[in-house]
Structure formats: C-alpha cells, structure tokens
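What follows is each chain in one-letter form.
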Amino acid sequence: MNTDALRRWETLIAVLLAGVAVWASLSVDGFANDSNVSFLLLDTTEIALMALTMTLVIVAAEIDLSVASTLGLSCAVLGALWNAGLPIEAIMPICLLVGAACGAVNGLLVTRLGLPSLAVTIGTFALFRGLAYVILGDQAVADLPPAYTGLATSSIGPVPLATMLVAVLAVVAALVLHATGLGRSIVAIGANVEAAYFSGIRVKRVKLWLFVASGVMASLASLIYTFRYASARADNGMGLELAVVAAVLLGGVSIFGGKGTLPGVLMAVLLLGVVRNALILADVANEVLNFVTGLLLVASVLAPNLGAARRRRTPSPVEGKSVS
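Residues numbered from 1 in each chain as written. Predicted model: local features only at pLDDT ≥ 70, side-chain atom pairs only at ≥ 80, totals over all residues. Heavy atoms only, no water.

Colleague: Break down the overall build of the protein chain for me, citing the residues and quoting the values.
Modeller: When helices and strands are tallied, the protein chain shows 15 helices and two strands. Against the compact-globule benchmark of 20 Å for 324 residues, the protein chain has a radius of gyration of 21 Å, which places it among compact chains. Across the 324 residues of the protein chain, 47% fall into the buried class. Sequence separation of 24 or more characterises 79% of the internal contacts of the protein chain that already satisfy a separation of 6 or more. For the protein chain, the computed accessible surface area is about 15,200 Å², with 68% contributed by carbon and sulfur atoms. Taken as two groups, the 18 positive and 17 negative side-chain charges of the protein chain have centres that lie 17 Å from each other. (Helix = DSSP H or I, 4+ residues; strand = E, 2+ residues; numbered from the N terminus. Rg over C-alpha atoms; globule rule 2.2 N^0.38 Å. Buried < 20%, exposed > 50% of the residue type's maximum accessible area, 1.4 Å probe, protein only. Contact = heavy atoms within 4.5 Å. Areas by Shrake-Rupley, 256 points an atom, 1.4 Å probe, with all protein chains shown as cover. Lys, Arg positive; Asp, Glu negative; His and termini not counted. Charge placed at Lys NZ, Arg CZ, Asp CG, Glu CD.)

Okay, structure coming up:
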C-alpha cells in the first residue's frame, strides 16, 4: 500500500465512521445521548491504548498477540498485592514493571533467539494468562479504592478522563512514528530489515524496546480496566487482542510492516467501537458482535492486498502504449 493508497484507505475509514455514526444516531435509540457517547469512548480506552504500541510493533513487521494476556496478568498481580495489604500507589508501578517484563520476554525471544513473533506471542498469550490464574485463581478482588474506581469512570462533559489520557499518548506515539528518527527507523525495519541493518539501524534493540513498550501499555490498560470495572480478575481483558489487531489492520497498517499511520488506527478503533455499541443497543447477540469484528479484520487484510494485486495487473499509461 503506497502513500496515496494509504490516504485513500484512511479517507474510506473516516467516511465509514461518519456514516455508521449518523446511521446509529438516527436509527438506534439512545445512541446519541451524552451518557452513551461517554460510555462508548470509555469502552474503547483499553483497545486504543494497546493499539498505539501495537501499531509501532506491526509497522516494524512484528506482532504481539499476548497484549490481552499481559493485561490479565497485571490485573491478577494488582488483585493479589491488594489482598496482601500493599497500598495501591505502590502496586500500580509494580504492575507497569510486570508489563515491561512480559514485553521483554517477548522481545528477547524474538531478537536474541531469532524466533518469529507470531509463534512467540501465541505461546506467551497462553503463558501469561495461565500465570494470572496461578496468582489469583478464579477469585475477583472487588474492594478497590473508591477514589481510583471513581477516577477511572470520571468525565468532563461527555469525554472521559481516560479518553483524554489516550489522546495525549496518541499524540506522543504519532510524533514518535511520524516525526522522529526512531519512527523512520521503525518504518525502515518493517519495509526491509536487511537494508535497515546495513544502514546502521540497531534493529534488535529497536524491536526489543517496541515489545517492552507494548507490554507497559498493556499494563497501563490493565489499571484502567480494573478500576473501571472495580474488579481485579485473572480473566480480565480476555479476547481483546483480536479487537486490537483488527483496529490496527483496519486502520491501514500493513500486516507485512513498513506502512501505517496512527490517525488511521484511531479512526478504526472508533469505528469498531461505534459498530459494537450500536449493535449492543440494538440487542444483537454477542456472537454477532464477534462475527462482525472478525469480518472487519478479514476485510482489513484482504482489501489492501486485492487493491495491490489489481494495480499490478493494470498496466501503466506508458506500458499500455504500443511502440511504433
């Protein structure tokens, strides 16, 4: 997907987002209410946070399928430490360190042992979730501090504070990807890793820190998720990795790496959130919601590749001219 095609794809996502939002506002009762808009934005918080760093990872031609399990493990650690009597202010940085450790495990296996990130993170997807159950079991820790549970659901008007945090971090991630040497290195690695090596980019180091950042962001999402639902459980966030990957790919990031933008991903997060919220308000079954998410994921991978294949089959104006 070249730059012009990427812009056209992002424009299509923007049009779809606007169209679905207008349709839902007109045909789904309660969709346009301030309370529902606030809930919709809040409900996309964890997906948006994890999608920010997932974008960087996939642009570098890697993937992290363990993000939701990292979230669950951090939730379990939070619950276990709170049960042990530690203050919540001490627990939160420990949870972030847990996320960093999970990301470092993924990154070291990929960069030092040369294992494919798809296989590694499928393995740690099960490993981290299993460890969460070892730590907390099936219990739910619900007696969390009201000051933090209230803060996680607070808003200014219809805009939750958590959404404002996402906006700030999105600006930082966008600047890193699109306006810094590190961002150019990430794109270069995804486009051609051998060329990146020969140009002096520390490929292994960059990838390692991308996985660490992905783990930290998943743990940050775990804090918001736990306080938002006022419950620390080992199964928190189960299945969110599908929504995160779907949002990133639907936002125009190439699954093969080297191309993608943060604005497209954020619009895709909102599009998935609007579709899900509208279907929930319309009393659509959860199985249908999963089907729609999967369908959008397939479409996000299939459409750019079909477009590229079509462009390859279509001769350019110069090629189409006969030589006299």
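From this point, the narrative continues.
Colleague: Describe in detail the pattern of salt bridges, supporting the description with residues and values.
Modeller: Under the definition given, this model contains four salt bridges. Put simply, Asp43 and Arg228 hold a salt bridge, and the shortest N to O gap is 3.7 Å. Here the residue Asp43 occupies a position in helix α2 (residues 34–43), and Arg228 occupies one in helix α11 (residues 203–229), the gap between them amounting to 185 residues. Arg228 sits in the buried class, given a relative accessible area of 11%. Linking Arg228 and Glu46 is a salt bridge whose minimum nitrogen-to-oxygen distance equals 2.9 Å. In this pair, Arg228 sits in helix α11 while Glu46 sits in helix α3 (residues 45–59), placing the two residues 182 residues apart along the sequence. Take Arg228 and Glu46: they sit in the same class, and that class is buried. Among the charged side chains, a salt-bridge network with shared partners connects Asp43, Glu46 and Arg228. (Salt bridge = Lys/Arg side-chain N within 4 Å of Asp/Glu carboxyl O.)

Colleague: Lay out a positive patch on the surface with the relevant residues and their values.
Modeller: A surface patch of positive charge is lined by Arg112, Arg202, Lys204 and Arg205. By the secondary structure assignment, Lys204 is in helix α11. (Patch = residues over 30% accessible without salt bridge, like charges linked within 9 Å, V, L, I, M, F, W, Y side chains within 5 Å.)

Colleague: Report on the side chain of Glu241, specifying residues and quantitative values.
Modeller: Residue position: Glu241 is located in helix α12 (residues 240–250). The residues contacting Glu241, other than those within four sequence positions of it, are Leu65, Val67, Ala68 and Phe125.

Colleague: So what's going on with the nonpolar core? Which residues, and what values?
Modeller: Among the nonpolar cores identified, the biggest contains 68 residues, and Met50 and Met54 are the most heavily contacted of them. Residue contributions to this core peak at 11 residues, all from α3. Apart from residues lying up to four places away in sequence, Met50 is in contact with Val67, Ala68, Leu71, Met217, Ala218, Ala221, Leu240 and Val244. (Core = buried A, V, L, I, M, F, W, Y, C linked by side-chain atoms within 4.5 Å.)

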